[in-house]
Amino acid sequence: MTKRALVRRPGPRLAEGLLTHLERVPVDVDLARRQWEGYVAALAAEGWETVEVPPADDCPDAVFVEDTVVMYGDLAVITRPGADERKPETAATEATLRDLGYRIARIEAPGTLDGGDVLKHVTPEGGTVWVGLGGRTNAAGLDKLAAHLAPLGARTVGVPVSLVLHLKSAVTALPDGTVLGYPPLVDDPAGWPEFLAVPEEPGAHVVVLDPSTVLMSTSAPATRALLEDRGLRVVAVDISEYEKLEGCVTCLSVRLRD
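Residues numbered from 1 in each chain as written. Predicted model: local features only at pLDDT ≥ 70, side-chain atom pairs only at ≥ 80, totals over all residues. Heavy atoms only, no water.

**Topic: the overall build of the chain**
Counting its regular elements, the chain contains five helices and 15 strands. Against the globule reference of 18 Å for 258 residues, the chain gives a C-alpha radius of gyration of 17 Å, in line with a compact fold. Across its three principal directions, the C-alpha atoms of the chain cover 45 × 40 × 35 Å. Sorting the 258 residues of the chain into buried and exposed places 53% on the buried side. Summed over all atoms, the accessible surface of the chain reaches about 10,600 Å², with 52% contributed by carbon and sulfur. (Helix = DSSP H or I, 4+ residues; strand = E, 2+ residues; numbered from the N terminus. Rg over C-alpha atoms; globule rule 2.2 N^0.38 Å. Buried < 20%, exposed > 50% of the residue type's maximum accessible area, 1.4 Å probe, protein only. Areas by Shrake-Rupley, 256 points an atom, 1.4 Å probe, with all protein chains shown as cover.)

**Considering the side chain of Glu246**
Among the structural elements, Glu246 can be located in the loop between α5 (240–243) and β15 (254–257). Buried and unpaired, Glu246 has Arg136 as its nearest opposite-charge partner, separated by 5.6 Å. Of note is the side chain of Glu246, whose polar atom sits 3.4 Å from the backbone nitrogen of Leu22. (Lys, Arg positive; Asp, Glu negative; His and termini not counted. Salt bridge = Lys/Arg side-chain N within 4 Å of Asp/Glu carboxyl O. Polar contact = N/O pair within 3.5 Å; in protein donor to acceptor, adjacent residues only side chain to side chain.)

**Describing the packing of aromatic side chains**
Tallying each qualifying case throughout the model produces two aromatic pairs. Considering the side-chain rings of Phe64 and Tyr242, the 6.1 Å spacing of their centres and the 80° angle between planes classify their relative orientation as edge-to-face. Placement of Phe64 in the loop between β2 (49–52) and β3 (69–72) and of Tyr242 in helix α5 is noted, with a sequence separation of 178 residues between them. Exposure class is identical for Phe64 and Tyr242. Each is buried. Summarising the aromatic geometry, the rings of Trp130 and Trp192 are spaced 5.1 Å apart at their centres and angled 65° between planes, so their arrangement reads as edge-to-face. With Trp130 in strand β7 (residues 126–133) and Trp192 in the loop between β10 (179–181) and β11 (195–197), this residue pair connects regions lying 62 residues apart in the sequence. Exposure class is identical for Trp130 and Trp192. Each is buried. (Phe/Tyr/Trp six-rings, centres within 6.5 Å; stacked < 30°, edge-to-face > 60°.)

**Concerning the environment of Leu167**
With respect to the helices and strands, the residue Leu167 is situated in the loop between β8 (154–160) and β9 (171–173). Judged by its relative accessible area of 2%, Leu167 is buried. In the structure, Leu167 is positioned 27 residues away from Glu194 in sequence and 16 Å away in space, judged by C-alpha atoms. Every residue in contact with Leu167, bar those within four places of it in the chain, is listed here: Gly116, Asp117, Leu119, Trp130, Val131, Gly132, Val159, Val161 and Trp192. (Contact = heavy atoms within 4.5 Å.)

**A short note on helix α2 (residues 90–99)**
Of the residues making up α2, those classed as buried are Thr90, Ala92, Thr93, Glu94, Thr96 and Leu97. Buried residues along α2 sit in contact with β1 (3–7), β2, β3, β4 (75–78), β5 (103–106) and β15. Looking at the residues trailing α2, positive phi occurs at Gly101, about 100°.

**Considering unusual backbone geometry**
Between Ala109 and Pro110 the backbone carries a cis peptide bond, its omega angle lying at 10°. Relative to the helices and strands, Pro110 is located in the loop between β5 and β6 (118–123).

Here is the structure:
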C-alpha cells in the first residue's frame with residue numbers, strides 16, 4: 001500500500017490565523033516553519049511520501065490543509081469551509097488530488113464543512129464517519145457529505161461541538177477505534193462507544209501512521225506515556241506555534257491511502 005500525505009507550507013501571514021476559543025498570543029513564524037519541516041520529516045521517516053499542495057500565502061490558515069478535503073478511499077470530497085476567509089484554500093487541494101487520480105466530489109452551498117470536523121474509523125465491515133456540528137460545519141454540509149459517502153458503505157453521524165474549534169480539536173481515534181479525548185473539552189464523552197480520557201488537552205490529538213504507531217505533540221508527555229503503556233509506538237513532534245492558533249497534529253496533513 002502506498003502511503004502518501006498532503007501537506008502545505010505555512011505562509012508569511014500565519015500569525016494572523018483565525019482564532020475562536022483562544023486568546024491571541026505572538027506566533028514565531030520562523031519557528032513555525034522549522035516545526036512544519038520537522039513534522040514533514042517525521043512523516044517521511046515513517047514511510048509516508050508527502051505531496052505538497054501549492055501555497056496560498058494570502059490565506060493565513062492554509063497550512064491547516066486537513067480542513068480542505070475529506071478523503072474516503074479513492075474519493076476526495078472537497079470541503080466548503082465555514083469561515084469565508086478560508087474558502088479560497090480548497091482550489092489547489094482539488095487540483096492536486098485530481099492530478100493524483102482521485103475522484104472528486106464537493107460540498108455545495110448552503111452546506112459548510114471543515115475537514116477538521118470529520119473523524120473516520122474504517123473497518124473491513126464498514127466505516128463510521130462522525131461530523132462535528134455547531135462551529136464551522138452545518139447540518140447541510142453533513143447531509144451532503146453523507147450523500148457522497150453512503151455509496152461507499154459509510155455511516156455518517158452528527159456530533160455536537162461547542163467547546164473547541166473542530167471535532168478533532170476535542171477527539172481523535174487510535175488504530176483500534178478507541179476515541180481519545182480531554183473530558184473538559186468534549187461535549188458528551190459518554191456518547192462515544194469506546195472513550196479513553198487523556199490527562200492533557202494536546203493528548204487528544206493523534207495521527208495514525210500504521211496499526212501500531214501514532215504521531216502526537218510533544219506537549220502531552222503524560223498522554224504519550226499512557227499510550228505507550230497500551231503498547232503503541234509514539235512519534236512526538238513539536239508544533240507549539242500551531243497550537244497557539246488552535247491547530248494540532250491532525251490539521252497539518254491529509255493521509256491518502258491507495
